[in-house]
Amino acid sequence: MLSNADERIRRYKEIKQEIASLREEAAGIEAEFLKAMEGDLEDTKYKSVSYSDGEGNKVTATEAESLKVIYPSYLRHIFGEAYKDVVTEETTYKLAAGASRMLTAMYNKEYLSGGSVDELIASLGLEDKAEKALLKKLKGKNFDTDVKNLMKLGGLNEADAKENAYLISEITAWNDFMKLMELSGKTSEQDINDALRMIDGAVTVEQTAKIKIDIA
């Protein structure tokens, strides 16, 4: 039998109350960062913003996106011959990561037609060695990774690296979309406009904000 049961019960209650209080306080602080994020990201293409205390501790607030399929039957028209390659038919419809990323960009109108990653890199005026290295590294799939490579290999400052990383992601999204259109043999302006219209009806993109904390 626990000899100091009364003491342990009281202490356990205190701890549980402290935990509840701390969780409430943490939630309040997170809400402050999320509110600040809304203002800092307004009228920008950025999806995240970081705050630092100058001692190596950092809070990153992110606007996460989740693609939801509304009209699954549209997917066959959108992807054509590539349908079975990128869609897994279950009770729900599961898209390949690349297809989901591309559809999200099309739905959000976050794409750039008529360009290429090669041309964008060439426009940066870098040395040949840096250009070749970036051509191998920049994929337009992971924004943070592309930013790091643009800074490390291209010598760009953070602001320019972010701007170009977004352009690369938009170029890549459009090029991926056009590859699927070509695979299905539908490349006319009307075909493209019809596909974009169907995407708007086939899916929706839900946005949720989240907090990440890095402690030094």
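Residues numbered from 1 in each chain as written. Predicted model: local features only at pLDDT ≥ 70, side-chain atom pairs only at ≥ 80, totals over all residues. Heavy atoms only, no water.

K.L.:
Would you mind showing me how to read the layout of surface pockets here?
P.N.:
The gaps of empty space that remain are located by a probe, the size of a water molecule, rolled over the atoms. Here the largest pocket defines a volume of roughly 1400 Å³. If you trace the largest pocket, you find 44 residues lining it, with Lys47, Asn142, Phe143, Asp144 and Tyr166 closest to the centre. Mapped onto the lining of the largest pocket, the elements with two or more residues apiece are helix H1 (5-41), strand E1 (48-52), strand E2 (58-69), helix H4 (97-107), helix H7 (143-152), helix H8 (158-183) and strand E5 (203-214). Examining the composition of the lining of the largest pocket, we find that 10 residues originate from one element, H8, more than from any other. (1 Å grid on protein atoms, 1.4 Å probe; cavity = no way out; pocket = protein on both sides within 12 Å on 5 of 7 lines; lining within 4 Å. Points joined across faces, edges and corners; volume = space filled by probe spheres on them. Helix = DSSP H or I, 4+ residues; strand = E, 2+ residues; numbered from the N terminus.)

K.L.:
Please clarify how the nonpolar core should be interpreted in this entry.
P.N.:
In terms of nonpolar packing, the biggest core is built from 28 residues, with Leu75, Ile78, Phe79, Leu95, Leu103, Met106 and Phe177 touching the most fellow members. Only helix H2 (74-79), helix H3 (83-86), H4, H8, helix H9 (189-202) and E5 provide two or more residues apiece to this core. Apart from residues lying up to four places away in sequence, Leu103 is in contact with Leu67, Leu75, Ile78, Phe79, Leu95, Ile199 and Val203. Judged by nonpolar contacts, the second largest core, of 16 residues, contains Leu120, Leu138, Leu156 and Ile171. (Core = buried A, V, L, I, M, F, W, Y, C linked by side-chain atoms within 4.5 Å. Buried < 20%, exposed > 50% of the residue type's maximum accessible area, 1.4 Å probe, protein only. Contact = heavy atoms within 4.5 Å.)

K.L.:
Any chance you could explain the pairing of E1 here in plain terms?
P.N.:
Strand residues, when the strand is regular, have side chains that alternate between the two faces of the sheet. One ladder, built from 5 bridges, connects E1 with E2; its direction is antiparallel. Bridging across to E2, Val49 finds its partner in Ala61. (Pairing = 2+ DSSP bridges.)

K.L.:
I would appreciate a short explanation of a nonpolar patch on the surface in the present structure.
P.N.:
Taken together, the side chains of Ile70, Tyr71 and Tyr74 present a nonpolar region at the surface, about 280 Å² in accessible area. Residue Ile70 is classed as partly exposed on the basis of its relative accessible area, which comes to 42%. (Patch = residues over 30% accessible without salt bridge, like charges linked within 9 Å, V, L, I, M, F, W, Y side chains within 5 Å. Areas by Shrake-Rupley, 256 points an atom, 1.4 Å probe, with all protein chains shown as cover. Salt bridge = Lys/Arg side-chain N within 4 Å of Asp/Glu carboxyl O.)

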